Amino acid sequence: MYTYMNVDYIIVGFGLAGLNFAEKLRQEKKSFVVFDNESEDASLVAGGIFNPVILKRFTLAWNADEQLSYAKQNYENIENFLEETFLTSKKILRRFNSAEEQNNWFTAGDKNRLAPFLNSKLIPKVNGMSSEFSFGQVDQTGLINTNKLISSYKSFLKKNLQLIEEAFNYESLDIQENSYRDLKFNHIVFAEGYGLRNNPFFNHLPLVGNKGEYITIKCEGLNLEEMIKFSLFILPLGENFYKVGATYEINFEDRLPTEKAKQLIKDKLDAVLKLPYTVVKQESGVRPTTKDRRPFIGRHHQYANIYINNGYGSRGIIISPSAAHWLYNFIENNEDLPAEVNVDRFN
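Predicted model, so just to flag it, every value in this text is computed and none were measured. (Residues numbered from 1 in each chain as written. Predicted model: local features only at pLDDT ≥ 70, side-chain atom pairs only at ≥ 80, totals over all residues. Heavy atoms only, no water.)

**With respect to helix α7 (residues 316-333)**
- Taking 1.5 Å of rise per residue, the 18 residues of α7 would be expected to cover 26 Å, and the 24 Å separating its terminal C-alpha atoms lies within 8% of that figure.
- With 15 of 18 residues buried, α7 lies mostly within the body of the structure.
- Asn-334, located one to two residues past α7, shows a positive phi value of around 60°. (Helix = DSSP H or I, 4+ residues; strand = E, 2+ residues; numbered from the N terminus. Expected span 1.5 Å × (residues − 1). Buried < 20%, exposed > 50% of the residue type's maximum accessible area, 1.4 Å probe, protein only.)

**With respect to the sheet that holds strand β9 (residues 142-144)**
- Pairing within the open sheet is antiparallel, and its three strands lie in the order β3-β9-β6. In this open sheet, the two edge strands, each paired with only one partner strand, are β3 (49-50) and β6 (87-89).
- Pairing geometry for β3 and β9, over two bridges, is antiparallel. Residue pairing across strands places Phe-50 opposite Gly-142, the latter belonging to β9.
- Against the sheet, helix α3 (residues 64-82) engages β3, β6 and β9, with an angle of about 130° to β6. (Pairing = 2+ DSSP bridges. Contact = heavy atoms within 4.5 Å. Axes fitted to C-alpha atoms, helices over the stretch in contact; angles between N-to-C directions.)

**Description of the pattern of salt bridges**
- In the structure shown here, the tally under the stated rule is 16 salt bridges.
- In this structure, Lys-211 engages Asp-254 in a salt bridge whose closest nitrogen and oxygen atoms are separated by 3.8 Å. Taken as a pair, Lys-211 in strand β14 (residues 207-218) and Asp-254 in the loop between β17 (241-245) and α6 (259-270) lie far apart in primary sequence, 43 residues in all.
- Its relative accessible area of 4% is what places Lys-211 among the buried residues.
- Under the relative-accessibility criterion, Asp-254 is labelled partly exposed at 35%.
- Connected via shared salt-bridge partners are Lys-211, Glu-213 and Asp-254. (Salt bridge = Lys/Arg side-chain N within 4 Å of Asp/Glu carboxyl O.)

**Regarding the sheet that holds strand β18 (residues 278-290)**
- Here we have seven strands laid out as an open sheet, ordered β8-β7-β15-β16-β17-β14-β18, and mixed in their pairing. With one partner strand each, in any of the chains shown, β8 (135-138) and β18 form the two edges of the open sheet. Across the sheet, the axes of successive neighbouring strands diverge by a mean angle of 25°, strand direction being ignored.
- Pairing analysis gives five bridges linking strand β16 (residues 233-238) to β17, with the strands arranged antiparallel. Directly across from Pro-236, in β17, lies its bridge partner Tyr-242.

**Here's the deal with the pairing of β8**
- Of the two faces of β8, the one carrying Phe-135 and Gln-137 and the one carrying Gly-136 and Val-138 are both buried.
- Pairing between strand β7 (residues 92-95) and β8: four bridges, direction antiparallel. In the strand pairing of β8, Leu-93 is matched with Gln-137.

**Some details on unusual backbone geometry**
- Between Gly-245 and Ala-246 the backbone carries a cis peptide bond, its omega angle lying at 5°.
- Phi is positive for Arg-181, close to 55°, though the residue is something other than glycine.
- Residue placement: Arg-181 occurs in the loop between β12 (179-180) and β13 (183-190).

**Here's the deal with the packing of aromatic side chains**
- For the coordinates displayed, the defined rule picks out 20 aromatic pairs.
- Their ring planes at 55° and their centres at 5.9 Å tell us that Phe-14 and Tyr-153 sit as a pair that is tilted. With Phe-14 in the loop between β1 (6-12) and α1 (16-27) and Tyr-153 in helix α5 (residues 146-159), this pair connects stretches of sequence that are 139 residues apart.
- Arranged with centres 5.4 Å apart and planes meeting at 85°, the rings of Phe-58 and Trp-105 form a pair that is edge-to-face. Note that Phe-58 is positioned in the loop between β4 (53-54) and β5 (59-60) and Trp-105 in helix α4 (residues 99-109), a separation of 47 residues in sequence. An identical accessibility class is assigned to Phe-58 and Trp-105; each is buried.
- Against the face of Phe-81 rests Arg-26, its NZ or CZ located 3.5 Å from the ring centre.
- The ring centre of Tyr-248 lies 4.0 Å from the NZ or CZ of Arg-287, which sits over that ring. (Phe/Tyr/Trp six-rings, centres within 6.5 Å; stacked < 30°, edge-to-face > 60°. Lys NZ or Arg CZ within 6 Å of the ring centre and 35° of its normal.)

**Overview of the environment of Ile-317**
- Note that Ile-317 resides in helix α7.
- For Ile-317, a relative accessible area of 6% translates into the label buried.
- For the pair formed by Ile-317 and Lys-72, sequence separation is 245 residues and the distance between their alpha carbons is 9.5 Å.
- Those residues in contact with Ile-317 that sit more than four places away from it in its chain are Leu-16, Gly-48, Ile-49, Phe-50, Ala-71, Tyr-75, Ile-144 and Thr-146.

**Side note on α6**
- Taking 1.5 Å per residue, twelve residues should reach 16 Å; α6 reaches 16 Å between its end C-alpha atoms and fits that length.
- Residues of α6 that are buried sit in contact with β14, β16 and β17.

So, in structure tokens, the structure goes:
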């Protein structure tokens, strides 16, 4: 049935978690196949921002300074390997709402681990935007074109007959024989995003779906080079197009874009943007988040050859390359996982 009859790994799901683990396997010269039917689209809809700072409170995300360096190198390696460009360095300008926020910015910027990211020089104004209290600049940030990244990597997998574009059937998995239909494997890693809720091996985990919606606008005269952060992000796409969002909704009926979310984004945007614009697109996806904001990584509590790599929420761009490294060394070299991400904390 399958071209590869014996592989070291099966990966189920191909968002950022699955992609980065596949890349780790490729680097380590392990054989693998990927099952993906594009039923989960959070990575494709994502804004693609790599930013180590939580800009609501001016704090560093969990070990994000260490993870950022590793992630950048990882994505640059993928660019070189696939001979494509996905990564663009762009500053973030954080719009201040008050003098108090300005003071909090400077206080945070004096801390050793935040100092490399929070620039002490304020930006007094940005063309086309209200700016009574100026903007703070975040350094070492940027954008990844997640659509192009995932699409290009899938093309490589297709060419090498490593991509199986169909839904994974859990009932066809024989755990005792390490087989899936005619396919033999040593390990299987589930990286299905929000699809985890249908996985009989891991659906006991407290995964929280968080629906996010973006709009894309066309705005002549804004001419932004940097990303803007206020209660939303404005992300420059080029040629006067900008992606704006996102919403965070844990109570949702389906994955479809809603008029309510579109209006919420527009209301927040209209409060700061002083130029006319046209909405040209709206998109939505469901982020796989966890209650403690740490991913699920590790081995099934009963079956030694089944693993999970999931739960990255909106931080998958930075964390998932490091997580792929941790999971690989956990499986192959018996190295301990960081306790904060080890799925055993819920078993």
